[in-house]
Amino acid sequence: MNVFKKIADGEIPAEIVYQDDHCVAFRDINPQAPVHILLIPRREIPSLARVEASDHPLLGHLLLKAAEVAKQEGLSETGYRVVINCGPDAGQEVPHLHLHILGGRRLGWPPG
Ligand code: AMP
């Protein structure tokens, strides 16, 4: 079982900022911005490359909740970035689909 699934199941601790039946949001252990939250589905999906048509409602749910969590963190006006790293070239480390929600400072573009 990967580390994010263990967080979703409550087997290892995390600073959870939102959760419901379908997803969990918690603070990144190594934040890259003043606000850095990870939003994951409870169901184990290894990466964005592995989603299926039946995941359509879940994917919509995740984006809606990303916006809600960003608002909860006070980022709606100043702005924020939502990132999904997919596969080795993007530097994906944890094989469980996750959205990074980053904000609280000016974010450079393009990313490295
Ligand atoms: P990625 O490179 O897109 O797979 O991102 C994985 C992220 O998970 C990194 O930003 C890590 O800092 C973060 N991370 C790894 N383990 C934990 C953990 N136990 N709790 C919170 N964040 C974690």
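Above: the structure in question.
Cut-off values and rules
- Residues numbered from 1 in each chain as written.
- Predicted model: local features only at pLDDT ≥ 70, side-chain atom pairs only at ≥ 80, totals over all residues.
- Heavy atoms only, no water.
- Core = buried A, V, L, I, M, F, W, Y, C linked by side-chain atoms within 4.5 Å.
- Buried < 20%, exposed > 50% of the residue type's maximum accessible area, 1.4 Å probe, protein only.
- Helix = DSSP H or I, 4+ residues; strand = E, 2+ residues; numbered from the N terminus.
- Contact = heavy atoms within 4.5 Å.
- Near = heavy atom within 4 Å.
- Polar contact = N/O pair within 3.5 Å; in protein donor to acceptor, adjacent residues only side chain to side chain.
- Areas by Shrake-Rupley, 256 points an atom, 1.4 Å probe, with all protein chains shown as cover.
- Nonpolar A, V, L, I, M, F, W, Y, C, P; charged D, E, K, R; others polar.

(A) Main features of the nonpolar core. A25, I37, L39, L62, V69 and I101 are the most contacted members of the largest nonpolar core, which totals 17 residues. Counting only elements with at least two residues in this core, the list comes to strand 1 (16-19), strand 2 (23-27), strand 3 (35-41), helix 2 (56-72) and strand 5 (99-103). When residues in this core are grouped by element, the largest group, 5 residues, is from helix 2. When sequence neighbours within four positions are dropped, the list of residues in contact with L62 reads C23, L39, I40, P41, L97 and L99. Of all hydrophobic cores here, the second largest spans 8 residues; its members include I7, A8, V24 and V94.

(B) The arrangement of the environment of L75 in detail. Inspection of the secondary structure assignment puts L75 in the loop between helix 2 and strand 4 (80-83). With 30 residues separating them in the primary sequence, L75 and R105 have C-alpha atoms 9.9 Å apart. For L75, the contacting residues outside a window of four places in its chain are V35, A70, Y80, G103 and G104.

(C) Molecular detail of the site of the ligand. With respect to spatial proximity, 16 residues lie near the ligand, and among them D28, G91, E93, H98 and H100 are the closest. With respect to the ligand, the backbone of G91 contributes an N or O atom lying 2.9 Å from an oxygen atom. Residue V94 places a main-chain N or O atom 3.0 Å away from an oxygen atom belonging to the ligand. Across the complex, the protein chains shield 85% of the 510 Å² of accessible surface that the ligand would expose by itself. Looking at the shell around the ligand, the elements with two or more residues in it are helix 1 (3-8) and strand 2. It is helix 1 that contributes the most residues to the shell around the ligand, 3 residues altogether. Across the shell around the ligand, the residue classes tally to 7 nonpolar, 6 polar and 3 charged.

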